[in-house]
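Here are the chains, one letter per residue:
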Amino acid sequence: MKLVSASQMQVIDKRAQTDYLIPLAAIFEQAGYKVALEVKKILQDKKGSKISIVAGSGNNAIDSLVAARYLHDWDLAVKVFVLSSITEVKADMQPYTATLQELGVETVFFDDEHVWDRFSISLRMSDIIVDGILGTGFKDTLSERYEKAIHIINLLPVKTVSVDIPSGCHADTGDVPTSAVKADVTLCLCLPKYCLFLAPANAYVGELRVLEINIPKKLLSMHANAELITPELVRSLLPERSPHMHKYQAGKASILAGNSGMIGACYLAATACMRIGAGIVDVFTMQAVYNALAVKLTESLLYPVSEAEPEVALTKFIASANTAKSVLVGPGLGNNACTKAFVAHILSKLNVPLVLDADALSALSNYQDMARQYSSELVITPHTGEFSRLINVKASVIETNKIEYATNFATANKTIVVLKGSVTIIALPDGEIFINNAPLPGMASAGMGDVLAGMITGLIAQGLSAKAACIVGVYLHTQTARFLAERGLAIGLLASDLAQSIPLALADFTKSSH
């Protein structure tokens, strides 16, 4: 499912008018008609149902006013509240309010404070409220009037339908700077906007329905560079596995991970790499934890690494890694001078797809020029805190616009960024974006990121491109957690539970497609 930003949607609207000669009025007309049809369906075609439409002053308001006209024509009891005085109504909106008044649709303007009582009573007595207050143009805090209207809507036990996006949400970032309409259903026009899948706005969406309108699909595909990760997309990318395949054909991965106090990170990453299907995994770990890991990683080939100079310490690792199909560096390696030296050496010596996670990311901030010049595909898998240290921007600021920060880094550094969180953003060097919207509270547990890094590495080892491996890995990571949650393991889920359950969840996922 393709997604668009507010600015991309504006370009699409303008080009529909200039390049395809579709009048703006025709776009409003079809959008309003489609909204009216969905509202009618939600009401189950009950004649005489009471509908309150709350309109702001932008394009969303016009869509809602057109919907009001159709609903009135279909013998539904429609009342329209325009959140401005009659003298404040914008010129492009005036013909639509005038038409409603001419047809006998009760249209109420906020000319004095007494309207609020009428507003509250009418909405309380409605069967449905249509929110057409604000759309993709909203960027600041709410006006006092809009905030009060939204507060009243949210207090009432009446089904609420938002047009395009819930009013009060920032279309691109998912931010809710003041408050937002808590919709039961959001009727998204043309293509979904980013905010419908980003926190905290995604908590206000309710059921999402996408309404196609008269915009040419070619135009949409030209300007929509983001995509929601869906089961269908993931199934189309899964690696094929021949019954005659041997372990080297299944793919070799090399991992450099683990240090004192952090053997779990190495264990989880290596286990996930094997459990997702890599045929053979070479694991290199620091000498101090070699014996402890040797007991746990019985299916991997395990090699000790000293804290000597990289040219000496990493001789065997570099040889192994350059014969592998994918390499992972970082989980539990330690945030120290040795790790920094290792990362610089690895970036200069390897020519295979490389995944950097955890402590390797801290080192990367010193070597971004080397990352840009890396000879193969490079993937980084930070959570917001790690990304904050990498780009020197506060995590709280990144959270307000994850897509922009991830995309800027990916394009500037020729790197695939997997920015982890309840909603994970995958940003590619060419500007393409993929979003995984699958928040699961049970995944708020230590070690989950190590598992994801191992999964992505294992998928690349099996022949997937780094892009495809990130899409599949991110999705199956949360899908495995969901598989376990459905079987009673939700809160209290451990990363090791998830890593060990990947094959069962994958089998369940592939079976469900048949």
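Note: the structure precedes this text.
Note that the structure is a prediction, hence the values are computed from the model and not measured.

K.L.:
Looking at this structure, I do not really get the overall build of the chain. What am I missing?
P.N.:
Counting secondary structure elements, the chain contains 22 helices and 18 strands. Taking all 514 residues of the chain together, 56% fall into the buried category. Considering only intrachain contacts with a sequence separation of at least 6, the fraction spanning at least 24 residues in the chain is 72%. Of the side-chain charges in the chain, 43 are positive and 48 negative, and the distance between the mean point of each set is 6 Å.

K.L.:
How do you make sense of the packing of aromatic side chains when you look at a structure like this?
P.N.:
This structure, assessed with the given rule, holds twelve aromatic pairs. Aromatic pair Phe284 and Tyr303: ring centres 4.7 Å apart, planes at 15°, arrangement stacked. Note that Phe284 is positioned in strand β11 (residues 280-286) and Tyr303 in strand β12 (residues 301-305), a separation of 19 residues in sequence. On the basis of relative accessibility, which here comes to 2%, the residue Phe284 falls in the buried class. Ring plane angle 50° and centroid distance 5.6 Å describe the contact between Tyr475 and Phe509, whose orientation is recorded as tilted. Of the two residues, Tyr475 sits in helix α21 (residues 466-485) while Phe509 sits in helix α22 (residues 495-511), which places them 34 residues apart along the sequence. When sorted by exposure, Tyr475 lands in the same class as Phe509, which is buried. Through a chain of ring-to-ring contacts, the aromatic side chains of Phe81, Phe110, Trp116 and Phe119 assemble into a single cluster. Between the NZ or CZ atom of Lys40 and the centre of the ring of Trp74, over which it lies, the distance is 5.0 Å. Its end group placed over the ring of Tyr204, Lys182 keeps NZ or CZ at 5.4 Å from the ring centre.

K.L.:
When you look at unusual backbone geometry in this model, what are you seeing that I'm missing?
P.N.:
Glycine aside, a negative phi is what most residues show, and trans is what most peptide bonds show. Across the junction of Ala199 and Pro200, the peptide omega takes the value 0°, indicating a cis bond. Tracing the backbone through its elements, the reader meets Pro200 in the loop between β7 (185-189) and β8 (207-211). Here Asp164, not a glycine, exhibits a phi torsion of approximately 75°, which is positive. Unlike most non-glycine residues, Ala358 shows phi in positive territory, near 55°.

K.L.:
For this particular structure, what's the right way to read the packing of helix α20 (residues 448-461) against α21?
P.N.:
Each pair of packed helices can be summarised by the angle the axes make with each other and by the distance between the axes. At their nearest, the axes of α20 and α21 sit 8 Å apart, and the two run at 140° to each other. When the axis of α20 is compared with that of α21, the two are oblique. Where α20 crosses over α21, the handedness of that crossing is right-handed. Between α20, through Met448, Val451, Leu452, Met455, Ile456, Leu459 and Ile460, and α21, the contact on the second element is made entirely by Ala466, Ala469, Cys470, Val472, Gly473, Val474, Leu476 and His477. Classifying every residue of the contact of α20 with α21 by side-chain character gives 13 nonpolar, two polar and no charged.

K.L.:
It is not clear to me how the pairing of β11 should be interpreted in this structure. Could you clarify?
P.N.:
In regular strands, side chains alternate between the two faces of the sheet. Burial of β11 is extensive: seven of the seven residues sit out of reach of the surface. Pairing between strand β10 (residues 252-256) and β11: five bridges, direction parallel. Within β11, the residue paired with Ala253 across the bridge is Val281. Between the parallel pair β10 and β11, the chain is carried across by helix α10 (residues 263-275), and the sense of this crossover is right-handed.

K.L.:
Mind showing me how you'd approach the pattern of salt bridges here?
P.N.:
For side chains bearing opposite charge, pairing can occur when the charged atoms are close. Enumeration according to the criterion identifies 16 salt bridges in this entry. Residues Arg118 and Glu106 are paired through a salt bridge, measuring 2.3 Å at the closest nitrogen-oxygen approach. Of the two residues, Arg118 is situated in helix α5 (residues 115-124) and Glu106 in strand β4 (residues 106-109); the sequence distance between them amounts to twelve residues. Residue Glu106 is classed as partly exposed on the basis of its relative accessible area of 32%. Between Glu486 and Arg487 there is a salt bridge, with its nearest N and O atoms 3.7 Å apart. Here the salt bridges do not stand alone but share partners, grouping Glu38, Lys41, Glu207 and Arg209 into one network.

K.L.:
What exactly am I supposed to notice about a negative patch on the surface here?
P.N.:
Together, Asp111, Asp112, Glu113, Glu144 and Glu147 line one region of the surface with negative charge. Considering the arrangement of structural elements, one finds Glu144 in helix α6 (residues 144-155).

K.L.:
I keep staring at the environment of Val82 and nothing clicks. Help me out?
P.N.:
For Val82, the location among the structural elements is in strand β3 (residues 77-82). Assessed through its relative accessible area of 0%, Val82 is described here as buried. Along the backbone, Val82 and Ala55 are 27 residues apart, and their C-alpha atoms lie at a distance of 4.8 Å. Contacts of Val82, omitting those with residues within four sequence positions, involve Ala55, Gly56, Val89, Met93, Thr97, Thr107, Val108, Phe109 and Phe110.

K.L.:
Just checking my understanding: could you explain the sheet that holds β3 for this structure?
P.N.:
Hydrogen bonding along the main chain pairs the strands of a sheet, whether they run parallel or antiparallel. With parallel pairing, the seven strands of this open sheet are ordered in space as β4-β3-β2-β5-β6-β7-β8. Either end of the sheet is taken by a strand with one partner, and the two such strands are β4 and β8. Within this sheet the neighbouring strands show an average axis-to-axis angle of 20°, counted without direction. Here strand β2 (residues 50-55) runs beside β3; their pairing, made up of six bridges, is parallel. Bridge pairing in β3 places Ile53 opposite Val80. Here helix α2 (residues 24-42) sits on the sheet and contacts β2, β5 (128-132), β6 (159-163), β7 and β8; the angle it forms with β7, its principal contact strand, is near 155°. Taken strand by strand, helix α3 (residues 59-73) contacts β2, β3, β5, β6 and β7, and its axis lies near 160° from that of β2.

K.L.:
Where do I start with the side chain of Thr415 in this structure?
P.N.:
The topology assignment puts Thr415 in the loop between α19 (402-413) and β16 (416-419). The class for Thr415 is buried, based on a relative accessible area of 1%. From its side chain, Thr415 meets the backbone oxygen of Asn413 in a polar contact 2.8 Å long. What Thr415 contacts, discounting residues up to four positions off in sequence, is Leu378, Ile380, Phe409, Ala410, Ala427, Leu428 and Pro429.

K.L.:
When you look at the packing of α10 against α20 in this model, what are you seeing that I'm missing?
P.N.:
At a closest axis distance of 7 Å, the pairing of α10 and α20 adopts a crossing angle of 35°. Relative to α20, the crossing made by α10 is right-handed. In this structure, α10 contributes Ala265, Leu268, Ala269, Ala272 and Cys273 to the contact, and α20 contributes Asp450, Val451, Gly454, Met455, Thr457 and Gly458.

K.L.:
Please clarify how the sheet that holds strand β13 (residues 326-329) should be interpreted in this entry.
P.N.:
Pairing is mixed in the open sheet, where eleven strands are placed in the order β1-β9-β18-β17-β16-β15-β14-β13-β10-β11-β12. On the outer flanks of this sheet lie β1 (2-3) and β12, each paired with one strand and no other. Pairing of strand β9 (residues 226-228) with strand β18 (residues 433-437) involves three bridges; the strand directions are parallel. Looking at β18, one finds that Leu228 is bridged to Ile435.

Scoring rules and cut-offs
- Residues numbered from 1 in each chain as written.
- Predicted model: local features only at pLDDT ≥ 70, side-chain atom pairs only at ≥ 80, totals over all residues.
- Heavy atoms only, no water.
- Helix = DSSP H or I, 4+ residues; strand = E, 2+ residues; numbered from the N terminus.
- Buried < 20%, exposed > 50% of the residue type's maximum accessible area, 1.4 Å probe, protein only.
- Contact = heavy atoms within 4.5 Å.
- Lys, Arg positive; Asp, Glu negative; His and termini not counted.
- Charge placed at Lys NZ, Arg CZ, Asp CG, Glu CD.
- Phe/Tyr/Trp six-rings, centres within 6.5 Å; stacked < 30°, edge-to-face > 60°.
- Lys NZ or Arg CZ within 6 Å of the ring centre and 35° of its normal.
- Axes fitted to C-alpha atoms, helices over the stretch in contact; angles between N-to-C directions.
- Parallel < 35°, antiparallel > 145°, perpendicular 65-115°, else oblique.
- Left-handed = near helix turned anticlockwise from the far one by under 90°.
- Nonpolar A, V, L, I, M, F, W, Y, C, P; charged D, E, K, R; others polar.
- Pairing = 2+ DSSP bridges.
- Right-handed = clockwise from strand over helix to strand, strands pointing away.
- Salt bridge = Lys/Arg side-chain N within 4 Å of Asp/Glu carboxyl O.
- Patch = residues over 30% accessible without salt bridge, like charges linked within 9 Å, V, L, I, M, F, W, Y side chains within 5 Å.
- Areas by Shrake-Rupley, 256 points an atom, 1.4 Å probe, with all protein chains shown as cover.
- Polar contact = N/O pair within 3.5 Å; in protein donor to acceptor, adjacent residues only side chain to side chain.

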